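Observations on the model geometry
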Amino acid sequence: ICRPAQFTIVVMLVLLHLFALFLLVLLGFYVFVANPRSRAHQTFAGFIAFLALWTIKDLIFWNFIEAAAFSDVWASASFIIALLMQCALVIFAWVFPENSRTPKKRAAVLFSPGLVLIPAAAFGLLWNDVGFENGRFVIELAPLAYAFVVYVYLVFGYGAFVLFKKYRRQRGTQKGQQ
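Rules behind the numbers
Each chain has its residues counted from 1, following the order in which its sequence is written. The predicted nature of this model means local features are confined to residues of pLDDT at least 70 and side-chain atom pairs, given and counted, to a pLDDT of 80 or more, with totals for whole chains, interfaces and linings taken over all residues. No hydrogens and no water enter the side-chain calculation; it runs on all heavy atoms of the structure. We count a stretch as a helix when DSSP gives it H or I for four or more residues in a row; a strand needs E for two or more, and each element gets its number in order from the N terminus. Residue contacts are counted whenever heavy atoms from the two residues lie within 4.5 Å of one another. In these tables, accessible area is a Shrake-Rupley quantity obtained with a 1.4 Å probe, and a residue counts as shielded only by the protein chains included in the view. Residues forming no salt bridge and having over 30% relative accessible area are the ones grouped into patches, like charges within 9 Å of each other and nonpolar side chains (Val, Leu, Ile, Met, Phe, Trp, Tyr) within 5 Å. The working definition used for a salt bridge is a side-chain nitrogen of Lys or Arg within 4 Å of a carboxyl oxygen of Asp or Glu. Here, a strand pair is defined by DSSP locating no fewer than two bridges between the strands. Axes, fitted as lines to C-alpha atoms, cover a helix only where it is in contact. Angles between the N-to-C directions of the axes lie from 0 to 180 degrees. Roughly parallel means an angle under 35 degrees; roughly antiparallel, over 145; roughly perpendicular, 65 to 115; everything else is oblique. Two helices crossing with the near one rotated counterclockwise from the far one by less than a right angle form a left-handed crossing, whereas a clockwise rotation gives a right-handed crossing. Charged residues are taken to be Asp, Glu, Lys and Arg, nonpolar residues to be Ala, Val, Leu, Ile, Met, Phe, Trp, Tyr, Cys and Pro, and polar residues to be all remaining types, Gly included.

1. Here's the deal with the overall build of the protein chain
- Within the protein chain, the secondary structure is distributed over 6 helices and 2 strands.
- Mapped from its N terminus to its C terminus, the protein chain presents α and β elements in the order α-α-α-α-α-β-β-α.
- Across the protein chain, every contact between residues at least 6 apart in sequence was considered, and the portion connecting residues at least 24 apart equals 68%.
- A total accessible area of about 11,500 Å² is found for the protein chain, and carbon and sulfur atoms account for 69% of it.

Dropping the structure here:
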């Protein structure tokens, strides 16, 4: 049974999650509708969609279901969405602001580890144990999880590097100010 103060905090957190979700959906919709044929707008809206999916996952798991029964589903979804979000960032970095095409060979090389890592996350190979102990969420990661996280950070770093390189090249131009 929740005490009134705990109930108020839970309601406030749910409302905060819902507000963040509303802002994400609004931003993604606004950018996409501004120019739906633009690859940059499409990929940015895709990236925002993964952020919204991340928020929905946390909102459902931590507030609306019996969390202990679905800890493994939450862990799988967290790993997979984290990777797909960074992949969307890289694709956005490739197409923005020139509206250029995604380099297929580079994408195949960069994203190919995901063909192994995503099923590994889906089948629970990234952790030895996940769940609640004494009311606290605990996860015992397997060695493959560390490789997964390093890969996610490498994909993020590559996307940030591509965007930063484009920013430096186009700084002072009109495209650089977009």
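Having seen the model, we can carry on.
2. Some remarks on a nonpolar patch on the surface
- A grouping of Phe19, Phe22, Leu23 and Leu26 is seen on the molecular surface, where their side chains present a nonpolar patch of about 400 Å² in accessible area.
- Along the chain, the position of Phe22 falls in helix H1 (residues 4-34).

3. A look at unusual backbone geometry
- Of note, the bond from Phe96 into Pro97 is cis; its omega dihedral lies within 30 degrees of zero at -10°.
- Tracing the chain through its elements places Pro97 in the loop between helix H3 (71-95) and helix H4 (104-111).
- The phi dihedral of Asn99 is positive, around 65°, even though this residue is not glycine.
- Residue placement: Asn99 occurs in the loop between H3 and H4.

4. So, the pairing of strand S2 (residues 136-141)
- Sheet analysis places strand S1 (residues 127-133) next to S2, joined by 6 bridges and oriented antiparallel. Across the sheet, residue Trp127 finds its bridge partner in S2, namely Leu141.

5. Some points on the packing of H3 against H4
- Interaxial distance between H3 and H4 falls to 12 Å at its minimum, and their mutual angle equals 160°. In terms of orientation, H3 lies roughly antiparallel with respect to H4. The handedness of the crossing between H3 and H4 comes out as right-handed. Between H3 and H4, the residues in contact are Cys87, Val90, Ile91 and Trp94 and Arg106, Ala107, Leu110 and Phe111, respectively.
- Looking at the contact of H3 with H4 residue by residue, the classes come out as 7 nonpolar, no polar and 1 charged.

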